[in-house]
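# Fold and contact review
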Amino acid sequence: MLKLGVPSKGRLMEQTFDWFGRHGVTLSRTGSDREYAGAVEGVDGLELVLLSAGEIPRELAAGRIHLGVTGSDLVREKLADWPAQVVELAPMGFGHADLIIAVPACWPDVDTLDDLDAAAAAFRRAHGFRLRIATKYHRLVRDFLTRHGVADYQLVDSQGATEGTVKNLTAEAVADITSTGETLRANHLKILADALVHQSQATLYGARGADWQGARRSALAQLCARLGISPGDLA
Amino acid sequence: MAEKAAARAEAARLVAAFRAAGAVEVEADILQPAEVLLDLYGEDIRARAYVTADPLRGEMMLRPDFTVPVVQMHMAEGAEPARYCYSGEVFRKQEHPTARRAEYVQVGYEVFERDNPVAADAEVFALFARLLAPLGLRAATGDIAILTAAVRGLKTLETRKAALLRHIWRPRRFTELLERFGGQAPVPPSRAALLAMLAAGDRPETGPHLGLRSEAEISTRLAALVEDAKAPPISAEEVGRLEDLLNLEAPSPAALAHLRDLARDLPAIAPAVDRMEARLDALARAGIDVGKLAFEASHGRTTLEYYDGFVFSFHAADPELPPVASGGRYDALTEVLGQGRSIPAVGGIIRPGLVADLGGLA
């Protein structure tokens, strides 16, 4: 069987079901709405696996699922050298969110990465430690800031309520996902003009490390034909 | 890369040679407190070093190099002058599939010596060159002190020089800053609007004050922005000379002659160029063929940022391989780790695993 990992609840699951439905592949949950079991109609040899969206990158990397739907931000954050581990088969056009860097709105002197870098240098001199950026996207943000040559900052881990860290004095800036920017504004933060770290959307991935032999290969071909996409160099 | 046993055999030979050169062999813990390394190297080290947690001591790192613990040890208890050597595994995370090892042996030699830095530079390089001679490696050298002197000699605001000096090790940002300070890059629209408002005596309307960065710090930077906007750009001649310097790659005698030429218009680099000449003389006396020794002005700009003078590396013919040996002068690091004290220091490391792969020294 070809295993397809799909987020197990909420908007992301519903929109994934709708997206496949529009392509003639019916995904559904079976049993009670507390039971994580699913069914597939329209493609032979495809099995639905309901998982937490955050665990799908890891399961893809391990090859325990063949295909998976999750946010492109999660794949890039959780997998080192992600293109070596998964193939991007189809951007799905929903679940849009931008990973951005935001600073207090009361910093009129900081609007770009160049400003952030200069402010970080002065901050370190004044306070004796590096300017703290709260985030849960450590790899994405670190790679981005390294690429742009920003120094004198440190990342502090924040798994939730990240926008509140500045007010609570546990960080000076934040790097977080936003779609409308409303939570940032409500917390008196503003987005830097040139610090769009990643534009994320729900994406269908294939696992390079999964077993693609025999019937699985024909199931993939059948599914890709239905979805009107190319299996890339997977099969 | 060679099996560990082969690497260890080469390491033992190198340690014996370093001891014979007068070094005391020292040890360092594999688990190092993360805080010191993070403060020194910044977030980049997190992408390169393994971080682990100790239940009582907090965040620890598997040592990414020996330099920091050896400097700390010397600053705490060492007598001067001192020569140390060491041998052991270091650990570097690899984020991409690569032939480079995440765990390999380093053998190092470090000299803490106050009186004659140029002679100490030559001593370390000549020792490495003599030991590695059987492998027929290509050596390259550079001198970060010439670059920093050139930046310090620019006729512009101290704040601009400080910004450029911070980014010597980040060539992309350095180039961007130089373009902006040279008036070659456009002012971002948001900055132009802010400056216009400040020039009119207004302060932009913002939300309530928030966070640890104080209003005084914000005002200081706003004033610095106004000062920067008023200052004339760094002249095209000066930018050109700096770029000429950064791109300089030549055999040492030709490089020295070119630097002497540059120093006529850029007198700030003259003392550093004098030291380079004295170092070449010392290297020649130590038996190095300086006529063929490559000098690359930007050598060492993409390493971890602690070298601040002479830098060198030894390379095998295969460009995929990491340097077989590398090192340099790190006077400022001893100041950072010395809590008020400092001592000129120079040293380097050899990778005995690569030495074994290339045929060994036996």
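Because the structure is a prediction, the values reported are computed rather than measured.

### Let's talk about the overall build of chain A
Across its full length, chain A carries 7 helices and 12 strands. Based on the C-alpha atoms only, the size of chain A along its principal axes is roughly 65 × 35 × 25 Å. Partitioning the contacts of chain A with sequence separation of at least 6, the portion at a separation of at least 24 is 66%.

### What to know about the pairing of strand β3 (residues 51–54) of chain B
All names here are of chain B. For β3 and strand β4 (residues 58–62), the ladder comprises 4 bridges, and the chain directions are antiparallel. Residue pairing in the sheet places Val51 in a bridge with Met61 of β4. Where β3 folds back onto β4 in an antiparallel hairpin, the turn is made up of 3 residues.

### Examining helix α2 (residues 34–41) of chain B
Among all positions of α2 of chain B, only Ala34, Leu37 and Leu38 of chain B are buried. In an axial view of α2 of chain B, the angular spread of the buried residues amounts to 100°, which keeps them on one side of the axis. In this structure, the buried residues of α2 of chain B make contact with β9 (153–157) of chain A together with β2 (31–33), α3 (44–48), β3, β4 and α4 (67–77) of chain B. Gly42 of chain B lies just past α2 of chain B and shows a positive phi near 80°.

### Some details on the interface of chain A and chain B
Opposite the 33 residues of chain A that make contact, chain B presents 33 residues. For the side of chain A that touches chain B, the elements supplying multiple residues, two or more each, are α4 (113–127), α5 (138–147) and β9 of chain A. Per element, the largest residue contribution to the side of chain A that touches chain B is 7 residues, and it comes from α4 of chain A. Among the residues making up the side of chain A that touches chain B, the classes are represented as 19 nonpolar, 6 polar and 8 charged.

### Some details on α4 of chain A
Over its 15 residues, α4 of chain A extends 20 Å from the first C-alpha to the last, a length consistent with the 21 Å expected when each residue adds 1.5 Å. The buried fraction of α4 of chain A amounts to 11 of the 15 residues, a majority that puts the element mostly inside the structure. Every buried residue belonging to α4 of chain A is among Leu113, Asp114, Asp115, Leu116, Asp117, Ala118, Ala119, Ala120, Ala121, Ala122 and Phe123 of chain A, and all of these are buried. For α4 of chain A, the elements touching its buried residues are β7 (97–104), β8 (131–135), β9 and β11 (189–200) of chain A together with α7 (158–166) and α10 (215–230) of chain B. Following α4 of chain A by one or two positions, Gly128 of chain A adopts a phi angle in the positive range, close to 80°.

### Some words on the environment of Tyr36 of chain A
Residue and element names in this part refer to chain A. Note that Tyr36 resides in the loop between β2 (26–30) and β3 (37–41). Classification of Tyr36 by C-beta neighbours within 10 Å gives partly exposed; the count is 15. Measuring from C-alpha to C-alpha, the distance between Tyr36 and Asp98 comes to 29 Å, with 62 residues separating the pair along the chain. Setting aside residues up to four positions removed in sequence, Tyr36 forms contacts with Ser8 and Leu50.

### Quick look at the sheet that holds strand β11 (residues 325–329) of chain B
Residues and elements named next belong to chain B. Sheet architecture is open: 9 strands sit in the order β1-β5-β6-β12-β11-β10-β7-β9-β8, paired in mixed fashion. The sheet is open, and its two edges are formed by β1 (24–25) and β8 (249–251), each paired on a single side. Summarising the sheet, strand β6 (residues 103–112) and strand β12 (residues 345–350) pair through 6 bridges and their orientation is antiparallel. When the bridges of β12 are listed, Phe112 appears paired with Ala345. Helix α1 (residues 4–20) contacts β1, β5 (82–91), β6 and β12 of the sheet and is inclined by roughly 5° relative to β6.

### Observations regarding the domain arrangement of chain A
All names here are of chain A. Split into domains, chain A comes out as domain 1 (2–96 + 201–227) and domain 2 (97–200). Centre-to-centre, using C-alpha coordinates, domain 1 lies 32 Å away from domain 2. Facing 8 residues of domain 1, the contacting portion of domain 2 comprises 9 residues. With 4 residues, helix α3 (residues 72–78) is the single largest residue contributor to the side of domain 1 that touches domain 2. When grouped by side-chain class, the residues that make up the side of domain 1 that touches domain 2 number no nonpolar, 5 polar and 3 charged.

### Digging into the environment of Arg166 of chain B
Take Arg166 of chain B: it is sitting in helix α7. Exposure remark for Arg166 of chain B: the 20 C-beta atoms within 10 Å place this residue in the buried category.

### Observations concerning the confidence of the model for chain B
In this model, chain B carries an average pLDDT of 93, and 99% of its residues clear a pLDDT of 70 or more. Quick note on the complex model: pTM equals 0.91, ipTM equals 0.89.

### Remarks on the sheet that holds β2 of chain B
All names here are of chain B. In space, the 3 strands of this open sheet follow the order β2-β4-β3, with antiparallel pairing throughout. With partners counted over all chains shown, the strands left at the sheet margins are β2 and β3, one partner each. The mean inter-strand angle of the sheet, taken between neighbouring strand axes irrespective of direction, is 45°. One ladder, built from 3 bridges, connects β2 with β4; its direction is antiparallel. Directly across from Pro33, in β4, lies its bridge partner Met60.

### Here we look at the packing of helix α5 (residues 117–132) of chain B against helix α13 (residues 270–285) of chain B
Residue and element names in this part refer to chain B. At a minimum axis separation of 9 Å, α5 and α13 run at an interaxial angle of 45°. With respect to α13, the axis of α5 lies oblique. Between α5 and α13 the crossing geometry is right-handed. Across the interface between the two elements, Val118, Ala119, Asp121, Ala122, Phe125 and Ala126 from α5 touch Arg275, Ala278, Arg279, Ala282 and Leu283 from α13. Across the contact of α5 with α13, the residue classes break down as 8 nonpolar, no polar and 3 charged.

### Things to note about the environment of Gly71 of chain A
Residues and elements named next belong to chain A. Structurally, the position occupied by Gly71 is in strand β5 (residues 67–71). Taking the C-beta count within 10 Å as the criterion, Gly71 has 24 such neighbours and is therefore assigned buried. Separated by 132 residues in sequence, Gly71 and Thr203 place their C-alpha atoms 6.0 Å apart. Apart from the residues within four sequence positions on either side, Gly71 is in contact with Ala53, Gly95, Ser200 and Ala202.

### Regarding the nonpolar core
Formed by 124 residues in total, the largest nonpolar core has its most connected members in Ile133 of chain A together with Ile146 and Ile269 of chain B. For this core, the leading source of residues is α5 of chain B, giving 9 residues. The next biggest cluster of nonpolar side chains, apart from the first, holds 31 residues, and it includes Phe20, Val43, Ile56 and Leu204 of chain A.

The rules we used
- Residues numbered from 1 in each chain as written.
- Chains lettered and ligands numbered in written order.
- Predicted model: local features only at pLDDT ≥ 70, side-chain atom pairs only at ≥ 80, totals over all residues.
- Helix = DSSP H or I, 4+ residues; strand = E, 2+ residues; numbered from the N terminus.
- Contact = placed C-beta atoms within 7 Å.
- Pairing = 2+ DSSP bridges.
- Buried ≥ 20, exposed ≤ 12 C-beta atoms within 10 Å, placed from the backbone.
- Arc of directions from axis to C-beta.
- Nonpolar A, V, L, I, M, F, W, Y, C, P; charged D, E, K, R; others polar.
- Expected span 1.5 Å × (residues − 1).
- Axes fitted to C-alpha atoms, helices over the stretch in contact; angles between N-to-C directions.
- Domains from an automatic or database assignment.
- pLDDT = per-residue confidence, 0-100.
- Parallel < 35°, antiparallel > 145°, perpendicular 65-115°, else oblique.
- Left-handed = near helix turned anticlockwise from the far one by under 90°.
- Core = buried A, V, L, I, M, F, W, Y, C linked by C-beta atoms within 7 Å.

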